[in-house]
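Overview (structure and organization)
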Amino acid sequence: LAMTEDILQLFSELPERIRKLLRAAQQAGDELGYSVFVVGGFVRDLLLKVPTQDLDLVIEGDGHAFARVLAQRFPEGQLILHEQFGTARLEFPDGSHLDVARSRREDYASPGALPQVEESRLRDDMFRRDFTINAMAIAINSTRSGELVDYYGGLRDLKQGEIRFLHNLSFIEDPTRILRAIRFAGRYGFRLAKETRDGVDTALSTGVLRKLSNERFTEELMHMLRELRFGVMGESLLQMGVLKEWFESELAWDFTHPVLNKEVPPKRKWLICLRKMDLSQFERVQEKLRLSKELRGLTQKFFEVMTGLSVLRSSDKISLEDLDHYLEGLPKVILEVLMLDERFHDSLKRYHEATEGIKQKVDGMTLLQWGIKEGPEIGRILKSIRSAWLEGEIHSEEDEQKFVAEILKNNPTKST
Ligand code: CTP
């Protein structure tokens with residue numbers, strides 16, 4: 001593999017949308033006389049034959065001029081120019097994007113620089129990246145289209161299935177790479193190369209991880225959560241001591257549940273891996289992470305309910321009404337995760353069976369229409385209707401109507 005021919009073959013198998021982008025980039029590069037390379041994750045995934053969405057281009061020349069030419073051919077794309085870095089991004093309605101960067105070296109001279117100088121810039125650019133498998137480029141100008149530029153053994157590591165850093169300050173310079181290494185390893189079923197694994201240990205022992213902001217750590221963790229094999233990644237985080245270092249204590253993470261490596265919503269995976277924690281551990285998690293409002297709320301609720309149910313369980317018999325207090329209107333994902341817990345299994349099943357058939361039609365609005373004055377009475381009546389359903393005193397809409405009529409008959413607050 002990775003002969004130019006093979007790469008051209010892989011290009012030809014790409015979705016038309018991406019081939020069109022590559023063709024346009026080639027034309028723009030040829031016209032402007034710039035060398036153009038596709039780099040990074042795109043190259044890695046192309047060689048692994050994994051579908052890719054986003055394109056990263058590195059060019060030798062004026063990045064903004066190049067991006068403008070490209071943008072003209074894609075009116076549906078939105079062009080964003082970053083003045084400060086000379087980079088540009090083309091964003092498409094489907095959420096995918098194309099990034100353009102100039103190979104970063106400050107001593108950039110003329111557009112017609114000697115090829116060797118150009119190559120050394122690309123080499124520098126690649127050297128600044130995280131892992132060998134992410135530090136490859138493929139030329140796309142028509143004169144050398146499909147040529148792999150692999151200075152650091154990326155292709156070898158792809159074949160060997162190894163994540164290898166480019167130099168041993170890599171993790172110190174950018175501690176998020178510790179999590180990235182684990183994420184890529186988990187995603188592709190790779191392992192960390194020996195020195196790289198040692199590099200993680202060294203970096204962790206210097207305490208560099210704690211220099212990361214809560215936002216950045218959380219962001220990396222959320223990237224993992226969206227991956228198929230989150231469970232595998234979580235196990236590595238534990239094993240390598242990353243979580244202990246970040247949370248400054250051993251929390252009861254549980255990444256062993258098989259669902260964590262299946263195609264299920266991230267929020268479900270999240271609650272699953274937290275479910276063995278106690279309240280103080282959970283508070284630590286909330287403190288050290290900047291979760292999205294939704295996930296934060298969900299986590300909070302999950303723990304409230306778990307705590308509530310545990311307390312209930314220690315009493316003799318849990319009434320349906322007690323269960324209802326915690327479980328009514330609860331997001332489905334919380335119920336699903338609670339169901340995994342043997343301690344709650346029976347109560348939840350009983351609750352599920354009792355609530356399944358509830359077809360409560362009367363709501364606050366109905367009661368208002370029937371002449372009950374606005375106020376706490378409404379809440380009380382609704383509650384008694386619900387509990388009658390739960391206790392099996394009401395089985396149908398007719399029962400419900402009768403039940404309410406009965407209440408209304410004796411209701412002193414009823415207006416005339
Ligand atoms: N990169 C890096 N160090 C980081 C983040 C990114 O060196 N901390 C480099 C890598 O070369 C990577 C490229 O920037 O390939 C783009 O980063 P990103 O889009 O985050 O990663 P991808 O490799 O595209 O991975 P993914 O498939 O997860 O999008």
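Bear in mind that the values here come from a model prediction, so they are computed numbers and not experimental data.

1. Some words on the packing of helix α13 (residues 266-274) against helix α17 (residues 332-339)
Relative to each other, α13 and α17 sit at 40°, their axes nearing to 10 Å. With respect to α17, the axis of α13 lies oblique. α13 and α17 meet at a crossing whose hand is right-handed. When α13 is examined against α17, the residues K267, R268, L271 and I272 are found in contact with a partner set consisting of V333, I334, E336 and V337. In terms of residue class, the contact of α13 with α17 is made up of 5 nonpolar, no polar and 3 charged.

2. Examining unusual backbone geometry
Not every positive phi belongs to a glycine, and K49 is a case in point at roughly 60°. Located in the positive-phi region is E248, a residue other than glycine, with phi close to 55°.

3. Things to note about the pattern of salt bridges
Pairing between side chains of opposite charge can happen when their charged atoms approach one another. Inspection of the entire model under this criterion finds 39 salt bridges. A salt bridge links D125 to R129, with the nearest nitrogen and oxygen atoms 3.0 Å apart. The residues D125 and R129 share a single accessibility class, namely buried. The shortest N-O distance in the salt bridge between E162 and R191 comes to 3.6 Å.

4. What about helix α21 (residues 397-409)?
One turn of the α-helix equals 3.6 residues, which is why residues spaced by three or four share an orientation. Look at α21: 18 Å from first C-alpha to last across 13 residues, which is about the 18 Å you get at 1.5 Å a residue. Taken together, the buried positions of α21 are occupied by E400, V404 and L408. Projected down its long axis, α21 shows its buried positions confined to an angular sector of 70°, all on one face. Exposed side of α21, more than 90 degrees from the buried face: E398, K402 and K409 are the residues found there.

5. Considerations on the packing of aromatic side chains
This structure, assessed with the given rule, holds 16 aromatic pairs. Ring centres 6.2 Å apart and planes at 80° place the aromatic pair F131 and F184 in the edge-to-face group. Note that F131 is positioned in the loop between α5 (115-127) and β6 (137-139) and F184 in helix α8 (residues 176-188), a separation of 53 residues in sequence. Ring centres of F217 and W246 lie 4.2 Å apart, and the angle between their planes is 5°; on these two criteria the pair is classed as stacked.

6. Notes on the sheet that holds strand β4 (residues 87-91)
The mixed open sheet is built from 7 strands, whose spatial order is β3-β4-β5-β2-β1-β6-β7. Sheet topology places β3 (78-82) and β7 (148-149) at the edges, where each strand pairs with a single neighbour. Contacting β1 (35-39), β2 (55-60), β3, β4 and β5 (97-102), helix α4 (residues 63-72) crosses the sheet at an angle of about 175° to β3.

Conventions adopted
Residues numbered from 1 in each chain as written. Predicted model: local features only at pLDDT ≥ 70, side-chain atom pairs only at ≥ 80, totals over all residues. Heavy atoms only, no water. Axes fitted to C-alpha atoms, helices over the stretch in contact; angles between N-to-C directions. Helix = DSSP H or I, 4+ residues; strand = E, 2+ residues; numbered from the N terminus. Parallel < 35°, antiparallel > 145°, perpendicular 65-115°, else oblique. Left-handed = near helix turned anticlockwise from the far one by under 90°. Contact = heavy atoms within 4.5 Å. Nonpolar A, V, L, I, M, F, W, Y, C, P; charged D, E, K, R; others polar. Salt bridge = Lys/Arg side-chain N within 4 Å of Asp/Glu carboxyl O. Buried < 20%, exposed > 50% of the residue type's maximum accessible area, 1.4 Å probe, protein only. Expected span 1.5 Å × (residues − 1). Arc of directions from axis to C-beta. Phe/Tyr/Trp six-rings, centres within 6.5 Å; stacked < 30°, edge-to-face > 60°. Pairing = 2+ DSSP bridges.

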